[in-house]
Amino acid sequence: MSYTWIGSERTFLDTPTTIEQQGIHIGWYGGHTEAGANKNEDGLFIMQSEDGSVKLAVLLDAHQTATSAALIVQTLQQDEAKLQLILEHPDVLDVFEKYIVDLFSSVAFRQACQQVTGETSCLIVLQKESYLWWFSVGDCIAYLLHPDLAHWGQYGLNQRQFYEWIGQVNTFDLEVPCYTIGKRQLRAGHNIIVLMTDGVFDTPDQYFQRPEHLYQALVNDDKLKPNMQSILDHIHTQRGKDSATIISWEYSNSQAPQMPSDMP
């Protein structure tokens, strides 16, 4: 079963909120109304394989209206039975990559995009055991948080890309569609995977624009849910205007990646 949400249906204005869906944590904040927030145009879609070994998270940040985010969520919902089969496939990372690129490139989907108002960033992260795959259009950002990586100042999976969308203005309508795809092996031990919309960063103090601050907020002795709540509470205290949505989960990896003998 999938879990979906569109900000136009429930805005979470002035209300930092966190829940858990079968090990995947979700955090919402629609923005501070006294700072001018009056709508929420984020969205998300979440699925897992039957045994929970494969997790799929889709995070969307639309503008003008939430209809472009809603289109992607509804399209994936309609394909839920097909997606469930893909999540059970032995080569799920490669099979899902072909599925999502074919979907966004299709004539039917691109025509549907011309019927919405506005555009959306789209960030997709798929985890199968000790590997991550991601797809990114726009300025949502994903992190892989682990002490080994933080030691070298490495936190992010993707880089935020501006002037890149899916919707009325659509990267898949270009002669050469522009998007980012990557794969990453998880480190041995405790990994935290995080997806965020830009409302997390766009506060007056810009505190979470420094990834080490995000790392400190999420990698500590507290549980993931209260840590996410503290991030959203900080945004509310700062009277952040933009909507902020977070998806996060943990994975304990017993498969140690290979390391050169001369690695520090």
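Please refer to the structure placed before this passage.
What counts, and where the lines are drawn
- Residues numbered from 1 in each chain as written.
- Predicted model: local features only at pLDDT ≥ 70, side-chain atom pairs only at ≥ 80, totals over all residues.
- Heavy atoms only, no water.
- Disulfide = S-S within 2.5 Å.
- Buried < 20%, exposed > 50% of the residue type's maximum accessible area, 1.4 Å probe, protein only.
- Axes fitted to C-alpha atoms, helices over the stretch in contact; angles between N-to-C directions.
- Helix = DSSP H or I, 4+ residues; strand = E, 2+ residues; numbered from the N terminus.
- Parallel < 35°, antiparallel > 145°, perpendicular 65-115°, else oblique.
- Left-handed = near helix turned anticlockwise from the far one by under 90°.
- Contact = heavy atoms within 4.5 Å.
- Nonpolar A, V, L, I, M, F, W, Y, C, P; charged D, E, K, R; others polar.
- Pairing = 2+ DSSP bridges.
- Polar contact = N/O pair within 3.5 Å; in protein donor to acceptor, adjacent residues only side chain to side chain.
- 1 Å grid on protein atoms, 1.4 Å probe; cavity = no way out; pocket = protein on both sides within 12 Å on 5 of 7 lines; lining within 4 Å.
- Points joined across faces, edges and corners; volume = space filled by probe spheres on them.
- Lys, Arg positive; Asp, Glu negative; His and termini not counted.
- Salt bridge = Lys/Arg side-chain N within 4 Å of Asp/Glu carboxyl O.

**Q** Hey, could you run me through the state of the cysteines in this one?
**A** Defined simply, a disulfide is a covalent bond joining two cysteines at their sulfur atoms. Using the criterion set out here, one finds 0 disulfides in the structure. There is no disulfide at C113, and the cysteine sulfur nearest it, in C122, is 10 Å away. C122 provides the cysteine sulfur closest to C178, a residue in no disulfide bond, and the two sulfurs are 15 Å apart. The class for C178 is partly exposed, based on a relative accessible area of 36%.

**Q** Honestly, the packing of helix 1 (residues 67–78) against helix 3 (residues 92–105) in this entry has me stumped. Any pointers?
**A** Packed helix pairs are characterised by how far apart their axes lie and by the angle those axes make with each other. Interhelical geometry of helix 1 versus helix 3 gives an angle of 125° and a closest axis separation of 12 Å. Put simply, helix 1 runs oblique to helix 3. The chirality of how helix 1 crosses helix 3 is right-handed. Contacts between helix 1 and helix 3 involve I72, T75 and L76 from the first element and Y99, I100, L103 and F104 from the second. Considering only residue class, the contact of helix 1 with helix 3 consists of 6 nonpolar, 1 polar and no charged.

**Q** Whenever I open this one, the sheet that holds strand 2 (residues 17–21) confuses me. Can you help?
**A** Neighbouring strands of a sheet are bound in pairs by backbone hydrogen bonds; such pairs are parallel or else antiparallel. Strand order across the open sheet formed by 5 strands is 2-3-12-11-8, with antiparallel pairing between neighbours. Of all the strands in the sheet, just strand 2 and strand 8 (141–145) have a single pairing partner and so form its edges. Recorded for the sheet is a direction-independent mean angle of 15° between the axes of neighbouring strands. Examined bridge by bridge, strand 3 (residues 24–29) and strand 12 (residues 244–253) share 5 bridges and lie antiparallel to one another. Paired with G27 across the strands is I246, a residue of strand 12.

**Q** Whenever I open this one, the environment of T245 confuses me. Can you help?
**A** When you line up the elements, T245 lands in strand 12. On the basis of relative accessibility, which here comes to 0%, the residue T245 falls in the buried class. The sequence separation of T245 and K39 amounts to 206 residues, and the corresponding C-alpha distance is 13 Å. Excluding residues within four positions of it along the chain, T245 makes contact with W5, G27, W28, D42, L44, L59, L195, M196 and T197. Separated by 2.7 Å, the side chains of T245 and D42 make a polar contact.

**Q** Explain the layout of surface pockets to me, please; I cannot follow it from the model alone.
**A** Regions of empty space are outlined by a rolling probe, equal in size to a water molecule, passed over the atoms. Here the largest pocket is characterised by a volume of approximately 370 Å³. Lining the largest pocket are 22 residues, with E41, D61, A62, H63 and D242 positioned closest to its centre. For the lining of the largest pocket, the element with the highest residue contribution is strand 5 (residues 54–63), accounting for 3 residues. Tallied by class, residues from the lining of the largest pocket come to 5 nonpolar, 9 polar and 8 charged.

**Q** When you look at the side chain of E80 in this model, what are you seeing that I'm missing?
**A** Looking at the secondary structure, you find E80 in helix 2 (residues 80–87). Buried within the structure, E80 lacks any salt-bridge partner; K82 is the closest side chain of opposite charge, at an N-O distance of 14 Å. In contact with E80, other than residues within four places in its own chain, are M1, S2 and M47.

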